[in-house]
Structure formats: C-alpha cells, structure tokens
Amino acid sequence: GAIQNEHTMVHVTEEQQRIAEDGDLDPLLRLLKHPHDAVREKAAYAINSLQVDDGEVMIRNPTGVISLTQLALDEDPEVSAKAVWSLAILTSTEENQEEVIRHLGWGNLLQLVRESAVEVQCGAVTLVGNLAVTPTLKRKLLDIGGHQTLSKLMGSTRDIIVKRAVIAAFSNIIDSDNSIDIVDDELLAQLLGLLQSADDDRVLSGVVYTLSQIANAEDESMNEAIARRGLKRLIRLLDSHDSVIAKAAAMTINGLTTGEAHETQKRVMLEGGADGLFDLLEESQDDNEMVLAIVMTINNLSQNDVLVSGLKSRGVVDLLTETFKNSKDSNVKNECAEALKSIVPDRVQHLQGWSKGRRAQRSETLSLRDGIKDNVRKIIQVLISDLNNQDRLRNSGVIPHLLTLLVDENRDAELKGLALDAITMMCINNSSSQAAVTDGDDPTGLDLVIKLIIDPEVSPFVQTRAVRTLGALCWNNKMVQNLILEKDNIVPFLVSLIDTYDDALKRIALTTVAAAVDDNAPSQRVVQKCGGDHKLVNNLKREQEPDLMVAAASAALCALVKGNVPAQETCAKAVPSLVFLLERSVKQKSGSFVQEHLASALLELSRNNKSASAMLHRLHAVHTLVTVLQAPESSGTLLYSAVAIVWELSKNDKKRMDLVQNKDLAASLQELSSSPDPLTRDAANKLLQRLAP
C-alpha cells in the first residue's frame, strides 16, 4: 500500500503500513539520535531496509533525511557507512537529491570521499555519482573540484569496490556533449592505464564507456592520445565475452575514427579492427545500439579511399547489405547506405527499391503472423477445455506446424512462446505426442526445444516455456530421458537454473529436473555429479519460498532419491526443512498439492535411509503426520504417504513402542481403516496390526 501526507511517502507491506499508520515510524527516526552507537547503527539499518524494493524508493521523510545526514558524519565508521548508503539509495531518484545535498553539504560529502574508511568511501562515491546525473548538481560538483577528488581517489585506492564506484561516478559525470573540459592529461592517463591493466569486468566496462564519451566529443588531441595508447586494447575488447564491454569498445572506436582521423582509420585496418567489427556485427544483429556503433565505424572507414579495397576484400558489401535489409532502424539503414555509396555506388539504388518492396512484404508478414497467433491460441483453448483432444489434434498434423515456429528464422518471441505452450499441452502424459516431437529428421523437435533453452540470446519468456516443454517431453518417458543425456549437457544446464533469480524459470526448471530423473539412474547420477542434490537441499532450507516453489523442489528431491543411495545421504539433510514445511503447510491450509510433494519426499527418504528415519524420530515428526491424518482436507495420496511414513518408522523396534502408545495416531488410523481409498485403507489396517499391543 502507499501512505502519503505532506511529510512522508511510504510504499510498504500491509504490516508495515499498519505500523506507519499507528505512528511507530517516528520512534524509529528518533533512535537515530540515540547516544549509544549500536542503537544508532541498528536504527540506520532498519531505515535502510525500508527504503528500496526492486529499485523503488520506499520511504522519504525530511526528518529522516536530516537525521541520516548527521549520522553520515558519525565517528563510528559502521554507523556512518549505513547512513551514507541510506542516502545513496535515496538519491537514486532525482526527487530526493536536492534535499539530501542541502542537509549534508558538498564539503562534508567530499570529506567523506577523501578521508573516511573504505566502506564509507564506497557509499559516498556512489552518492556523488547519483547526484551527478542531475545537470545542475553536476555543475556544482565540478565547480568545487569534486572530479579532482575522485581522480585522486581513483589513483590511490587499492579497493576494487571503491574503484568500481569511482569509475561509475565518472561515467555519469563525463559525457560527450558537455563536461569534457574536466578531462585533463592526468585523468586521461589514469583511464588509459586502467584500460590496459584492469582485470575486473565492471571496472573495465566503466572505463571503456567513459572513454567512448570522451572519444565521441571529437577532441582531436584527446582522440590521438587514446588511439596512441589504447587502440590495440580496444580492438581486442571487440571480442570480449562481456557484451557491454564489446559495445563500449565499438562506440569508442567509432569516435576515434570520425572525421579526418585518417591515421587512426588506417591503424584500425592494420591492427585487425575491421575483422573484429565485422565478426561482432554478425553476432549482434539483435542489439540495435551495437549495430549502429559498428556500421557508423565502417562508414567512417569507407570515407577513406585508401581503405575501400581492403574493406571490399573482407566481404563488407554483403555484410552491410544484409544489415540494411534486416534492420528496422532508419539510422542504421542510412549509415549502411552511405558506406555502400562510398564502396559500391550502384548497390544503393538497388537497396532503395528493395526497401520499398520489403515494407509492403513486412506489412503482409505481420498480418499473417497475427493470424497464426490466433490459430495457436485456439489450439491451446481446445486443449484447456478438454485434454482428451490431444490425440485428435495430433492426428490432424498440428505438431509439425507448431515445430516450424521454433526455428531461428522466427524472431517473434510471443509466437514462439505460444507454440511451446501448445506443444507442452499436447505432450502432457501422451507418449504418441511426445514421439511426434522427438522423432524425425535432424533437427528434431527435441533439438529445437533444447536450443531455445541453452541459447543465451533467447529471451527469458521463450526460455522458460522451452524448459516447461522439455519437462512435458520427459514425463514418464524413459526414451526421452535417455535422449537428453546425449544432448549438449542439457541436464547440467537445467541443474544450473535451480540457482537462477528468475522465480518462474527456477520453479519450472525444478519440475523439469524431476521429470528428467524420475526412475532413471543415469540421469540421477548426472544431476548428483553436478551438485544437484546439494542445490535441492539448500533450496528447501530457504523456508520462506512460495508454496509452488516448495512443491517443485520437493518433487525434484523425491525423484532424485528414489533408488539412489548416494543422493539419499545428502538429501537426508533436508528432512528438518521438509518436516517444518509440511507442518506449516497443514496449519496454513495451503492445500494438498504442496503437502503431497513434501510427504512423498519424506516417504522416499524414510524408506531407504537410516539417518533420515532417525532424524524424523528426533523431530517428533509423528505429531506432524497425525495432524495430516486428522485434517479433513487431506487428499488420498497425502493420507497414504503419511501412513506409509509411520509404517517405515515403526520398523525400529525401540521406537515402535512410542507409536503404540500414541492414542491420537491410533484414533486416526482406526478412522482411516474404513477409508474409501483402497491404498489408504489397506495401509492403515496393516499399520494397526503392527502397532497392536
């Protein structure tokens, strides 16, 4: 919710909103003035925790800002660091910047940058960088020599975190349109030195980006200095594994080769820069900013008559032509056309005619694509209304048509996602549909789905759906389980997704891992070899995960430990979490779906692992299981698992007497002995006989 008055704006949870409405925020702010430093530190930490949610500022209060600015100057570095970071977070939006610097003061801020402890310096420099985004504040910072303070710190600090913050601040301060006058020989030398020596990607990306701003200001003497000391390194960075660094390098080379920079243009060719640019252009067609920087550089080179033949011999004509055809950006098209005009003048007229026809063709294609989307949506609706329509749709030949929508040539993410959703629904527990996807000539449908999972260029929207489709293909299908073991390390890749920050992708990856390893020893061994058992245990130990995530992790763990003794030893460590989550789920009435998966995992562990059984005894898990048996909403599957776990525990003669004396357990089993579900009924009767006095 949001609370607003003339002093405060707070975006909070319902509980936080209730506290704020009761007036409890003011006492917290007053604690910032407490005489004890530990209290002040904790108060600053509490406010810091309230300030940001996914990048959105959550509290803005003038009284709080005044207190935090005073606290930033505290003699205790831990207290000061917390307060400075709180202010840095507040200034991440422009609306708070004037207020913060008015109360803190430029002199105090720069003093924190100069003389404070490392943890304070980092927050203070970040605060400076945030303020520099606003032009009026940037000018004030420059007028008082703030850039010189940062330059000295960049040269003296050995702390990589502080160095990252300084570089990030300079990337906000220096831009090609203004502020270039602050770049003196000393600062430029530091940047070029870091360009050669930095082994930290974040420092390097900030340095190259800042150099691109300097280069595109087109100051001849500075560009000559950058080219003389840094051109070779910039050309090598075109091949960087980090696309941000590669893009910044391309932007810098573009600035260096603009205008009459003939010597630099020649050096780019001699040092292999043209080849690096061409390779990067082929790999980066989906990144419009990267494409524009590269084609502008090629255009710069093409204006130098001496270089034209070298460009032609490297295949630049076809590359520019293809880029012109593929791009939707008028600036990219203009740069391509201008370069081609210099290299092959007759090609431009052909391209102009092609472009007119292409626009008409694109309009027709978009209309056709919308029609295909509507048809795929209809298929999904038919399956949602009745999953028994799977066979009828498969026999009509719809699966091959859906698979054609997964190829690289289709760049429409929404259409790919719809096609994957339809294929998933077609393949749920349907071996004939699964075979229709996995059989056939290379590449098979399975190959296409796997490529969409592992290709780093694929959008998260499509990747998530492709992972779900793979799970549907593996479910109850040993042949597909075995096939994917042979495909490009896809199983380890799925395991790596268990640690992703994307909750939707993580949950579906867990479900797909469960489908891939269920009753399949080779797949289980692969998952365990790449640490999947430890990842599952750690996921379940994060006990605040949503119910669906808990269910998916429990299902994956259950499938992994089934008949897998080595995995059982590791996964037994998850027993306390599984018991806690089951008990909480029953109390909160989360539903049988989550509880079934938790109980199934506990059952598999209790069947085959003595340490898991011993842990269940120590945790008094029988109390939780009796609660499950007594809950009226418990499903037949859940009841059977609970009874079966107690059966496994009763195999220990020493512990069986405790079970015999448990009257609540006896009453629950007696009631279940007449259950309409035959499995539950038989299991309850069998257990009653074992526990008979």
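To keep things clear, this report deals only with the structure shown in the data block. (Residues numbered from 1 in each chain as written. Predicted model: local features only at pLDDT ≥ 70, side-chain atom pairs only at ≥ 80, totals over all residues. Heavy atoms only, no water.)

**A word on a negative patch on the surface**
At step 1: Among the surface-exposed residues, D239, D279, E282, E283 and E457 lie close enough to one another that they form a single negatively charged patch.
At step 2: Here E282 shows up in helix α17 (residues 273-283). (Patch = residues over 30% accessible without salt bridge, like charges linked within 9 Å, V, L, I, M, F, W, Y side chains within 5 Å. Areas by Shrake-Rupley, 256 points an atom, 1.4 Å probe, with all protein chains shown as cover. Salt bridge = Lys/Arg side-chain N within 4 Å of Asp/Glu carboxyl O. Lys, Arg positive; Asp, Glu negative; His and termini not counted. Charge placed at Lys NZ, Arg CZ, Asp CG, Glu CD. Helix = DSSP H or I, 4+ residues; strand = E, 2+ residues; numbered from the N terminus.)

**A word on the nonpolar core**
At step 1: If you look at the biggest cluster of nonpolar residues, it comprises 111 residues, and the most contacted ones within it are L406, L470, I484, L557, L578 and L665.
At step 2: If one sorts the elements of this core by residue count, helix α34 (residues 547-561) sits on top with 12 residues.
At step 3: Apart from the residues within four sequence positions on either side, L406 is in contact with K416, A419, L420, I423, L448, V449 and L452.
At step 4: The next biggest cluster of nonpolar side chains, apart from the first, holds 102 residues, and it includes M154, L277, V308 and V344. (Core = buried A, V, L, I, M, F, W, Y, C linked by side-chain atoms within 4.5 Å. Buried < 20%, exposed > 50% of the residue type's maximum accessible area, 1.4 Å probe, protein only. Contact = heavy atoms within 4.5 Å.)

**A word on the packing of α17 against helix α18 (residues 288-302)**
At step 1: Here α17 crosses α18 at 150°, and the two axes come no closer than 10 Å. On the basis of their axis angle, the class for α17 and α18 is roughly antiparallel. As α17 packs across α18, the resulting crossing turns out to be left-handed. For the pair formed by α17 and α18, the contact residues are L277, F278, L280 and L281 on the first element and M290, V291, I294, V295, T297 and I298 on the second.
At step 2: When the residues that make up the contact of α17 with α18 are grouped by side-chain class, the tally is 9 nonpolar, 1 polar and no charged. (Axes fitted to C-alpha atoms, helices over the stretch in contact; angles between N-to-C directions. Parallel < 35°, antiparallel > 145°, perpendicular 65-115°, else oblique. Left-handed = near helix turned anticlockwise from the far one by under 90°. Nonpolar A, V, L, I, M, F, W, Y, C, P; charged D, E, K, R; others polar.)

**Concerning the pattern of salt bridges**
At step 1: All told, the structure shown has 18 salt bridges when counted by the stated rule.
At step 2: With a closest N to O distance of 2.7 Å, K487 and D447 form a salt bridge. Of this pair, K487 sits in the loop between α29 (478-485) and α30 (490-496) while D447 sits in helix α27 (residues 445-454), and the two are 40 residues apart along the sequence.
At step 3: A relative accessible area of 19% places D447 in the buried class.
At step 4: Between K535 and D499 there is a salt bridge whose closest N-O contact spans 2.4 Å. Placement of K535 in helix α33 (residues 532-541) and of D499 in the loop between α30 and α31 (503-517) is noted, with a sequence separation of 36 residues between them.
At step 5: For D499, a relative accessible area of 38% corresponds to the partly exposed category.
At step 6: Through salt bridges with shared partners, a single network forms among K247, D287 and E289.

**What to know about the packing of aromatic side chains**
At step 1: This model, assessed by the stated rule, comprises 0 aromatic pairs.
At step 2: The side chain of K333 reaches across the aromatic face of F324, ending 4.3 Å from its centre. (Phe/Tyr/Trp six-rings, centres within 6.5 Å; stacked < 30°, edge-to-face > 60°. Lys NZ or Arg CZ within 6 Å of the ring centre and 35° of its normal.)

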